Amino acid sequence: MPENLFEQSLTVRKEFLHTLQTVFQTGLASVCLIERHNLSDIDYQALVLEIAPLAQSHECALLLDNSPALVRDLKADGVHITSGQREFVEAANALKPDFIVGAGNINSRHEAMLRGEAGADYLSFGAPGQTPDTGQLTLADWWAEMFEIPCVLFHPLTPLDRLVPIRCEFIGLGNNLWSVLPDAAAAIRRFARGTGVS
């Protein structure tokens, strides 16, 4: 989600949510991670409740950002944990097997294997707001080649028509999709055709 979405006017937010719904309608979005940024608890929960029905009605899993305690109350599909091994294990113990618990902010093979052994449903490399560096690309490629647990590579800034094929099962988009509003649905369809996704 754009970082300043909650600061926009109601009209701008409604336009964005409409465009977001058209993206979900393509059937090409598997997961929607709602980042928390600097939102208060009340504003974050309001944002989740606004987006959840749009995603879930099109079979797109809704994940919360480091908020395992809210998953059940907000009827999310799971949580994305980037705060460390102990926090990941606590979330997994509290939510699995009923909910998705994914792991991010992984910076070494050792960390990756620890999350995998602790029951991660997926591992992610890179970050939602940054271009992945060489180390993150190498880690993602290694994990995808060696292990069965799915992985995500966040690649949120590079224009969609310049992204190269990757081994990972999923790619995390961001401003490279929202920057082409209101044509995001058409852009993701073009991107999917270029990568062989149907």
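Preceding this paragraph is the structure being described.
Here we summarise the structure given alongside this text.

Let's shift gears to the overall build of the protein chain. A count of helical and extended segments in the protein chain gives seven helices and seven strands. Traced from its N-terminal end to its C-terminal end, the protein chain shows the element sequence α-β-α-β-β-α-β-α-β-α-β-β-α-α. In terms of C-alpha radius of gyration, the protein chain reaches 16 Å, essentially the compact-globule figure of 16 Å for 198 residues. Each principal axis of the C-alpha distribution contributes one length, and for the protein chain these read about 45 × 40 × 25 Å.

The next subject is the packing of helix 1 (residues 10-25) against helix 2 (residues 41-56). Two elements in contact, helix 1 and helix 2, have axes whose closest approach is 9 Å; the angle formed by their N-to-C orientations is 25°. In terms of their interaxial angle, helix 1 and helix 2 are classed as roughly parallel. Every pair of crossing elements has a handedness; the one defined by helix 1 and helix 2 is right-handed. Two secondary-structure elements touch here, helix 1 through R13, L17, L20, Q21 and F24 and helix 2 through E50, I51, L54 and A55. Tallied by class, residues from the contact of helix 1 with helix 2 come to six nonpolar, one polar and two charged.

Next up on the list: the packing of aromatic side chains. The tally for this structure, following the rule as stated, stands at four aromatic pairs. With centroids separated by 5.8 Å and ring planes inclined at 70°, the aromatic side chains of W142 and W143 adopt a geometry described as edge-to-face. In this structure, W142 and W143 share a single accessibility class: buried. Note on W142: relative accessible area 12%, which makes it buried. What links up through ring pairs into an aromatic cluster is the set W142, W143 and F147.

Moving residue by residue along a regular strand, the side chains alternate between the two faces of the sheet. In strand 3 (residues 78-81), alternate side chains face the same way, and those of G78 and H80 on one face and V79 and I81 on the other are all buried. Here strand 2 (residues 61-65) pairs with strand 3 via three bridges, running parallel. Across the sheet, L64 pairs through a bridge with V79, a residue of strand 3. One ladder, built from four bridges, connects strand 3 with strand 4 (residues 100-103); its direction is parallel. From the neighbouring strand, V79 faces strand 4, where its bridge partner is V101.

What follows deals with the state of the cysteines. Here the structure, examined in full by the defined rule, presents zero disulfides. Left unpaired, C60 is separated from the closest cysteine sulfur, that of C32, by 5.5 Å. Taking relative accessible area as the criterion, C60 reaches 2% and is therefore assigned buried.

This part is about the environment of W142. With respect to the helices and strands, W142 occurs in helix 5 (residues 134-146). On a C-alpha basis, the gap between W142 and T131 in space is 18 Å, while along the polypeptide they are eleven residues apart.

The rules we used
- Residues numbered from 1 in each chain as written.
- Predicted model: local features only at pLDDT ≥ 70, side-chain atom pairs only at ≥ 80, totals over all residues.
- Heavy atoms only, no water.
- Helix = DSSP H or I, 4+ residues; strand = E, 2+ residues; numbered from the N terminus.
- Rg over C-alpha atoms; globule rule 2.2 N^0.38 Å.
- Axes fitted to C-alpha atoms, helices over the stretch in contact; angles between N-to-C directions.
- Parallel < 35°, antiparallel > 145°, perpendicular 65-115°, else oblique.
- Left-handed = near helix turned anticlockwise from the far one by under 90°.
- Contact = heavy atoms within 4.5 Å.
- Nonpolar A, V, L, I, M, F, W, Y, C, P; charged D, E, K, R; others polar.
- Phe/Tyr/Trp six-rings, centres within 6.5 Å; stacked < 30°, edge-to-face > 60°.
- Buried < 20%, exposed > 50% of the residue type's maximum accessible area, 1.4 Å probe, protein only.
- Pairing = 2+ DSSP bridges.
- Disulfide = S-S within 2.5 Å.

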